[in-house]
Amino acid sequence: MDHDFDDLLASNQRYATSAPRNFDGYAHAGIAVVTCMDSRLQPLEMVGLFLGEAKILRTPGGHVTEDVVNGCVLGVHLLQVDRILVISHSRCAMASGSDDELRRRILEASGLDAGACHFGADPDQAGRLREDVRTLAEHPLIAGRARVGGFQYDVDTGLLERVC
């Protein structure tokens with residue numbers, strides 16, 4: 001077995017000595033956050049929440065995918081979620097072009113064909129955010145059970161603005 005992850009396992013050993021215990025898995029603030037996988041985003045901190053208070057679902061661009069819908073349905077019905085925030089952000093690679101452009105960049109960087117990948121890139125970030133919010137808000141297992149809002153996070157200022 002190689003040692004590619006030894007540094008992370010060693011860090012985990014230190015973390016485990018003070019890791020939170022006895023959480024029940026509910027979203028105690030009633031919040032689910034759908035946002036981008038971008039490492040500049042700290043979903044709990046950006047809205048003043050702490051561990052155990054929210055469900056976090058991350059995808060490229062923070063787009064609502066089938067897995068996100070499933071997670072939100074579970075959150076609403078089984079995990080005490082009654083508000084869902086869909087958060088896009090400034091300077092997002094998923095809003096800078098199309099899937100074809102991303103595939104071309106991957107091919108140039110690696111020589112590998114990513115033609116089978118669907119990334120969901122969309123330069124109309126605000127339009128896509130509205131569509132994603134509508135998808136969740138109108139879903140028959142979410143509508144009337146949770147409020148859904150769309151927000152834009154500015155990675156340079158740290159501010160969140162309501163879009164829809």
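Above this text you will find the structure in question.
These numbers come from a predicted model, not from an experiment. (Residues numbered from 1 in each chain as written. Predicted model: local features only at pLDDT ≥ 70, side-chain atom pairs only at ≥ 80, totals over all residues. Heavy atoms only, no water.)

A.B. asks: What exactly am I supposed to notice about the environment of T135 here?
C.D. replies: With respect to the helices, strands and loops of the structure, T135 is situated in helix α5 (residues 125-137). Classification of T135 by relative accessible area gives partly exposed; the value is 36%. Taking the C-alpha atoms as reference, T135 lies 7.7 Å from V64; in sequence the two are 71 residues apart. Beyond its immediate sequence surroundings of up to four residues, T135 is in contact with V64 and V69. (Helix = DSSP H or I, 4+ residues; strand = E, 2+ residues; numbered from the N terminus. Buried < 20%, exposed > 50% of the residue type's maximum accessible area, 1.4 Å probe, protein only. Contact = heavy atoms within 4.5 Å.)

A.B. asks: Mind showing me how you'd approach the layout of surface pockets here?
C.D. replies: Unfilled space is identified by rolling a water-sized probe across the atoms. Estimated volume of the largest pocket: approximately 170 Å³. Every residue lining the largest pocket is listed: I31, V47, L49, R83, I84, L85, R147, V148, G149, F151 and R162. Contributions of two or more residues to the lining of the largest pocket are made by β3 (83-89) and β4 (147-153). Ranked by residues supplied to the lining of the largest pocket, first place goes to β4 with four residues. (1 Å grid on protein atoms, 1.4 Å probe; cavity = no way out; pocket = protein on both sides within 12 Å on 5 of 7 lines; lining within 4 Å. Points joined across faces, edges and corners; volume = space filled by probe spheres on them.)

A.B. asks: Explanation requested: the sheet that holds strand β1 (residues 31-36) in the structure shown.
C.D. replies: Sheet strands pair by backbone hydrogen bonding; their relative direction is either parallel or antiparallel. Reading across from one edge, β2-β1-β3-β4-β5 is the order of the five strands in this open sheet, with mixed pairing throughout. At either margin of the open sheet sits one strand with a lone partner, and together these are β2 (54-59) and β5 (160-162). If you compare each strand with its neighbour and ignore which way they point, the axes differ by 25° on average. Sheet topology places β4 next to β5; three bridges connect them, and they run antiparallel. Pairing of Q152 across the sheet is with E161, part of β5. The strands touched by helix α3 (residues 66-78) within the sheet are β1, β2 and β3, with β2 carrying the most contacts at an inclination of about 175°. (Pairing = 2+ DSSP bridges. Axes fitted to C-alpha atoms, helices over the stretch in contact; angles between N-to-C directions.)

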